[in-house]
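Descriptive analysis of the structure
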Amino acid sequence: SVPVTVAVAPRDWLSVSASVQLEKGSIKDEIYSDFDDTAYRDTQSIRTRGFSGTSWSASALVRAHPRLWLGASFDDEVDYSVEETIKYTLERLNTRTTYDFTLPAAWSLGAAFGITERWWATSSFWMRGAPGAEGFSQFEGALGDETVVSFGVERRGSAEGQRWARMPLRLGYYEDRW
């Protein structure tokens, strides 16, 4: 993935960004089956999925109060073009297919609250709608929305004091539901 991003802070209380992602890659699965019985030949299958797609995203961060920051982001859906090739030991079984796959849009909201100057509490929510099962018929009707809920506490580093006082500490929890 190659992101091309522009970010600006038009006000001291507002930061915004926009990005375009150019995606290209591949996934390769290899399966080998060895048989003890000499009546059967050992087999091999190699599945390669090449994909490409583009998407865009936008985000904003607002300082609503000196100790309250609010953020939001939106990632548009990604339309992938997929080429799948499966090669077998027995060449006549080889297949090549192409299909389109759409990864639905995602959005998030987050907040950070300053309990003191150095101690902050944070929380966020992220959601993506359920994708289709193109190319994965075994998942037809089995995929749901994905949500991530997270929260945490942070002690920000200090410019003064000993080594441990300068080091930020973070403790958090998240739950990813499908």
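In short, a report on the structure. (Residues numbered from 1 in each chain as written. Predicted model: local features only at pLDDT ≥ 70, side-chain atom pairs only at ≥ 80, totals over all residues. Heavy atoms only, no water.)

**Focus on a nonpolar patch on the surface**
There is a patch of nonpolar side chains on the surface, built from Val2, Val4, Val20, Leu22, Trp56, Phe74, Trp107 and Leu109 and spanning about 710 Å² of accessible area. Listed by contribution, the elements that provide at least two residues to the nonpolar patch are β1 (2–11), β2 (14–33) and β7 (106–114). Within the element layout of this structure, valine 4 appears in strand β1. (Patch = residues over 30% accessible without salt bridge, like charges linked within 9 Å, V, L, I, M, F, W, Y side chains within 5 Å. Areas by Shrake-Rupley, 256 points an atom, 1.4 Å probe, with all protein chains shown as cover. Salt bridge = Lys/Arg side-chain N within 4 Å of Asp/Glu carboxyl O. Helix = DSSP H or I, 4+ residues; strand = E, 2+ residues; numbered from the N terminus.)

**With respect to the environment of arginine 49**
With respect to the helices and strands, the residue arginine 49 is situated in strand β3 (residues 43–65). Exposure remark for arginine 49: the relative accessible area of 11% places this residue in the buried category. Residues arginine 49 and threonine 95 lie 46 residues apart in sequence; the distance between their C-alpha atoms is 12 Å. Beyond its immediate chain neighbours, meaning those up to four positions away, arginine 49 contacts Gly25, Ser26, Ile27, Asp29, Val82, Glu83, Glu84, Tyr99, Gly135 and Phe136. Reaching out from arginine 49, the side chain makes a polar contact with the side chain of tyrosine 99 at a distance of 3.5 Å. (Buried < 20%, exposed > 50% of the residue type's maximum accessible area, 1.4 Å probe, protein only. Contact = heavy atoms within 4.5 Å. Polar contact = N/O pair within 3.5 Å; in protein donor to acceptor, adjacent residues only side chain to side chain.)

**Thoughts on the environment of tryptophan 120**
On the secondary structure map, tryptophan 120 appears in strand β8 (residues 119–128). In this structure, the C-alpha to C-alpha distance between tryptophan 120 and glutamate 154, residues 34 residues apart in sequence, is 5.1 Å. Apart from residues lying up to four places away in sequence, tryptophan 120 is in contact with Pro66, Arg67, Trp69, Ala112, Phe113, Gly114, Ile115, Gly152, Val153, Glu154 and Arg156.

**Some thoughts on the packing of aromatic side chains**
Within the structure shown, the criterion is met by five aromatic pairs. Arranged with centres 5.4 Å apart and planes meeting at 50 degrees, the rings of tryptophan 56 and phenylalanine 74 form a pair that is tilted. On the criterion of sequence distance, the pair formed by tryptophan 56 in strand β3 and phenylalanine 74 in strand β4 (residues 68–75) is long-range, its members being 18 residues apart. Of the residues examined, tryptophan 56 reaches a relative accessible area of 40% and is grouped as partly exposed. Here phenylalanine 74 falls in the partly exposed class, since its relative accessible area comes to 32%. Relative to tyrosine 173, the ring of phenylalanine 151 has its centre 5.6 Å away and its plane inclined at 40 degrees; by these criteria the two rings are tilted. (Phe/Tyr/Trp six-rings, centres within 6.5 Å; stacked < 30°, edge-to-face > 60°.)

**Some remarks on the pattern of salt bridges**
Counted under the stated rule, the structure contains eight salt bridges. The salt bridge involving arginine 47 is made with glutamate 84; its shortest N-O contact spans 3.4 Å. Of the two residues, arginine 47 is situated in strand β3 and glutamate 84 in strand β5 (residues 78–88); the sequence distance between them amounts to 37 residues. By relative accessible area, which is 31% here, arginine 47 ends up partly exposed. For the salt bridge of arginine 177 with glutamate 175, the shortest nitrogen-to-oxygen distance reads 2.4 Å. Connected through salt bridges with shared partners, the residues Arg47, Arg49 and Glu84 form a single ionic network.

**A few points about the pairing of strand β10 (residues 169–177)**
Regular strands have side chains that alternate between both faces of the sheet. Little of β10 sits inside the fold, with zero of its nine residues counted as buried. Examined bridge by bridge, strand β9 (residues 146–155) and β10 share nine bridges and lie antiparallel to one another. Within β10, the position partnered with valine 149 by the bridge is glutamate 175. (Pairing = 2+ DSSP bridges.)

**Observations concerning the nonpolar core**
Among the nonpolar cores identified, the biggest contains five residues, and these are Val78, Tyr80, Val82, Tyr99 and Phe101. Elements represented by at least two residues in this core include exactly β5 and β6 (95–103). For this core, the element with the highest residue contribution is β5, accounting for three residues. (Core = buried A, V, L, I, M, F, W, Y, C linked by side-chain atoms within 4.5 Å.)

**Quick word on the side chain of glutamate 84**
Take glutamate 84: its relative accessible area is 11%, and that puts it in the buried class. In terms of polar contacts, glutamate 84 uses its side chain to reach the side chain of arginine 47, at 3.4 Å. Those residues in contact with glutamate 84, other than ones at most four positions away along the chain, are Arg47, Thr48, Arg49, Thr95, Arg96, Thr97 and Tyr99.

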